[in-house]
Amino acid sequence: MGCNCEIKKRLSLMAREFQGDPVYLDYNATTPTDPSLLGELDRVLRREWGNPASIHIMGGEASLREDAARATAARYFGKPQESFLFCSSGCEGISGILSGTEAKHRRLITTVADHSVLTQSAQKLFPGRHLLAGIDGNGKIRIDGIASYLNAYPGECCLFYSPVNHETGARQDGAALFNLAREKNAL
């Protein structure tokens, strides 16, 4: 399991041989910064970069900025402010979610197409209880594989998947996956 290191090495070698300007198509993983945010980002990174957990003045300013961002997110999503936890990366967010899930569920279902950060964290937090579902030739999750796991372990599973395959751009059938999980009493 884990990363597809050989594939990544081959792609890196191919990229070195590429002539001309590359065309970037992996917007599921990373996108360029919106130009309208650059001024705000510059100010935060250059002048207001304190640790919001610190008690000095720069930490206090960063904490106020973090609270304002949390309030904005809460208004936008219509949720309480305390339900938002900011992370420094997607990897940190995934690890946090899986750590909380591990205490509540006996088994975790992910897919072979999920990012290596997710599968490596899952293997570590759910040793012997991490189930990998397959995908079809278009990068879509094989729902029959998910169903077989949910039938084998009723009420014990948490399904964790990306709504869009980060390599192919294939959109998953979220409604079908949600309905199946709900029917089988899975998170």
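Residues numbered from 1 in each chain as written. Predicted model: local features only at pLDDT ≥ 70, side-chain atom pairs only at ≥ 80, totals over all residues. Heavy atoms only, no water.

Novice: Looking at this structure, I do not really get the overall build of the protein. What am I missing?
Specialist: Regarding its fold elements, the protein presents seven helices and three strands. Reading the protein from its N end, one meets helices and strands in the order α-α-α-α-β-α-β-α-β-α. For the protein, restricting intrachain contacts to residue pairs at least 6 apart in sequence, the fraction spanning at least 24 positions comes to 51%. When the accessible surface of the protein is totalled, it reaches about 12,900 Å², and 57% of it is carbon and sulfur. (Helix = DSSP H or I, 4+ residues; strand = E, 2+ residues; numbered from the N terminus. Contact = heavy atoms within 4.5 Å. Areas by Shrake-Rupley, 256 points an atom, 1.4 Å probe, with all protein chains shown as cover.)

Novice: Where do I start with the side chain of glutamine 172 in this structure?
Specialist: Here glutamine 172 lies in the loop between β3 (157-159) and α7 (174-183). A relative accessible area of 13% means that glutamine 172 is categorised as buried. Here glycine 139 takes part through its backbone oxygen, which lies 3.0 Å from a polar atom of the side chain of glutamine 172. When sequence neighbours within four positions are dropped, the list of residues in contact with glutamine 172 reads Gly139, Lys140, Ile141, Tyr161, Ser162, Pro163, Asn165 and Leu177. (Buried < 20%, exposed > 50% of the residue type's maximum accessible area, 1.4 Å probe, protein only. Polar contact = N/O pair within 3.5 Å; in protein donor to acceptor, adjacent residues only side chain to side chain.)

Novice: Can you walk me through the pairing of strand β2 (residues 130-133) in this structure?
Specialist: Regular strands place their side chains on alternate faces of the sheet. Pairing of strand β1 (residues 107-111) with β2, which is carried by four bridges, proceeds in the parallel orientation. Considered in β2, the bridge of threonine 111 is made with alanine 133. For the crossover that starts at β1, traverses helix α5 (residues 116-125) and ends in the parallel β2, the hand is right-handed. (Pairing = 2+ DSSP bridges. Right-handed = clockwise from strand over helix to strand, strands pointing away.)

Novice: Is there a simple way to explain the state of the cysteines in this structure?
Specialist: Two cysteines, two sulfur atoms, one covalent bond between them: this is a disulfide. Counted according to the given criterion, the structure contains zero disulfides. Not part of a disulfide, cysteine 158 finds its nearest cysteine sulfur in cysteine 157, a span of 8.6 Å. (Disulfide = S-S within 2.5 Å.)

Novice: When you look at the sheet that holds β2 in this model, what are you seeing that I'm missing?
Specialist: Pairing is parallel across the open sheet formed by three strands, whose spatial order is β2-β1-β3. Across the chains shown, the open sheet's two edge strands, defined by having one partner strand only, are β2 and β3. Shown here is a sheet whose adjacent strand axes are inclined to one another by a mean of 25°, direction ignored. (Axes fitted to C-alpha atoms, helices over the stretch in contact; angles between N-to-C directions.)

Novice: I would appreciate a short explanation of the nonpolar core in the present structure.
Specialist: Considering soluble globular proteins, one finds that nonpolar side chains tend to be buried as a cluster. Core analysis: the biggest nonpolar cluster contains 13 residues, and Ile109, Ile146 and Leu150 have the highest contact counts within it. Of all elements in the fold, only β2, α6 (143-152), β3 and α7 reach the threshold of two or more residues within this core. Ignoring any residue separated from it by four or fewer positions in sequence, one finds isoleucine 146 in contact with Ile109, Ala133, Ile141, Leu159, Leu177 and Leu180. One finds Leu118, Ala122, Phe126 and Phe160 within the second-largest nonpolar core, a separate group that totals seven residues. (Core = buried A, V, L, I, M, F, W, Y, C linked by side-chain atoms within 4.5 Å.)

Novice: Sorry if this is basic, but what is going on with the side chain of arginine 70 here?
Specialist: As for its placement among the helices and strands, arginine 70 is situated in helix α3 (residues 57-77). The class for arginine 70 is buried, based on a relative accessible area of 14%.

Novice: What am I meant to see in unusual backbone geometry here?
Specialist: Trans is the common state for peptide bonds, and a negative phi is the common state for residues other than glycine. Not every positive phi belongs to a glycine, and asparagine 185 is a case in point at roughly 60°. Among the structural elements, asparagine 185 can be located in the segment after α7. Residue asparagine 185 is classed as exposed on the basis of its relative accessible area, which comes to 58%.

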